[in-house]
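# Observations on chain architecture
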Amino acid sequence: EAAVTQSPRSKVAVTGGKVTLSCHQTNNHDYMYWYRQDTGHGLRLIHYSYVADSTEKGDIPDGYKASRPSQENFSLILELASLSQTAVYFCASSGTGGSGQNTLYFGAGTRLSVL
Amino acid sequence: DAKTTQPDSMESTEGETVHLPCSHATISGNEYIYWYRQVPLQGPEYVTHGLQQNTTNSMAFLAIASDRKSSTLILPHVSLRDAAVYHCILRVYSGGSNYKLTFGKGTLLTVTP
């Protein structure tokens, strides 16, 4: 069974503080992604990575950094958290290319509240 | 720009067959159509995907129009557990060997007993 584990599951942060969200996958997948979801909206891609030690910008990268120290681990970093970054964050992994190889497997999400 | 258009919500009754429409009028020849569903407090779950031919699995049947500008996810004999937000997404080429899936708001399917 494919598995993507996120930690923490929820977090309260102060404005201006640093926040790190962690993601671990046991799928042996090359691709990993960070999405955010705001209430009543779809998921928006923040950063993704297709190989360790390399990250790519998604559609809304401003205010976020990403780190992929190994194939299994992918972190999302908010250096200076802001109120507008209150959201639910989802990590996902997928295989590479080909038909069906881009099926995303999602974690359960991290609910972040910035006060 | 999600590149797909779906109704905001649909209602059904247990046991019915539900047809969830999706419009993707600007789809490119190599873009796959993916469907995911999401229940509250959980991440999205893969349902099915296709390119040109209709596809079927244990969860659903995906009907793709011959011009590929629209598709319909068909859920036979829905139960209360099928209540979720259903996302229709295109796999978009983003350079090199990279692809992206960009989610829209999806269709909220409500199932009543």
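Further up the page is the structure itself.
Quick caveat: nothing in here was measured; it's all calculated off a predicted structure.

It is worth spelling out the overall build of chain A at this point. Across its full length, chain A carries zero helices and eleven strands. The order of α-helices and β-strands along chain A, N terminus first, is β-β-β-β-β-β-β-β-β-β-β. For chain A, the C-alpha radius of gyration of 13 Å lies close to 13 Å, the compact-globule estimate for 115 residues. Taken along its principal axes, the extent of the C-alpha atoms in chain A is 40 × 30 × 25 Å.

On to the side chain of Ser94(A), then. All names here are of chain A. Within the secondary structure, Ser94 sits in strand E9 (residues 87-94). What makes Ser94 buried here is its relative accessible area of 0%. A distance of 2.9 Å separates the side chain of Ser94 from the side chain of Tyr33, its partner in a polar contact.

Taken together, the 26 residues of chain A in the interface contact 21 residues of chain B. Both faces considered, chain A and chain B share a buried interface measuring about 1800 Å² in area, 50% of it formed by carbon and sulfur atoms. Area buried by chain A at its contact with chain B is led by Leu43(A), Asn102(A) and Phe106(A), which between them contribute 23% of it. Where chain A packs against chain B, one counts zero salt bridges. Between the two partners, chain A and chain B, sit two residue pairs in polar contact (both at pLDDT 80 or more).

Criteria and cut-off values
- Going along each chain's sequence as written, the residues are numbered from 1 onward.
- The order in which chains are written sets their letters, starting at A; the order in which ligands are written sets their numbers, starting at 1.
- Side-chain atom pairs in this predicted model are given and counted only at pLDDT of 80 or more, local residue features only at pLDDT of at least 70, and totals for whole chains, interfaces and linings cover all residues.
- Calculation of side-chain values draws on the structure's entire complement of heavy atoms; hydrogens and water are dropped beforehand.
- Counting from the N terminus, the helices are DSSP H or I runs at least four residues long and the strands are E runs at least two residues long.
- Restricting the calculation to C-alpha atoms gives the radius of gyration, and the globule rule supplies 2.2 Å times the number of residues raised to the power 0.38.
- Here's how the labels work: a residue is buried when its accessible area is under 20% of the maximum for its type, exposed when over 50%, partly exposed in between, all with a 1.4 Å probe on protein chains only.
- Between N or O atoms, a polar contact is any pair within 3.5 Å; within protein, one atom must be a potential hydrogen donor and the other a potential acceptor, and residues adjacent in sequence are included only when both atoms are from side chains.
- Contacts between residues were defined by any pair of non-hydrogen atoms, one from each residue, lying within 4.5 Å.
- Once two parts are joined, some of their accessible surface, as seen by a 1.4 Å probe, is lost; buried area is that loss totalled over both.
- Whenever Lys or Arg places a side-chain nitrogen within 4 Å of a carboxyl oxygen from Asp or Glu, that contact is recorded as a salt bridge.

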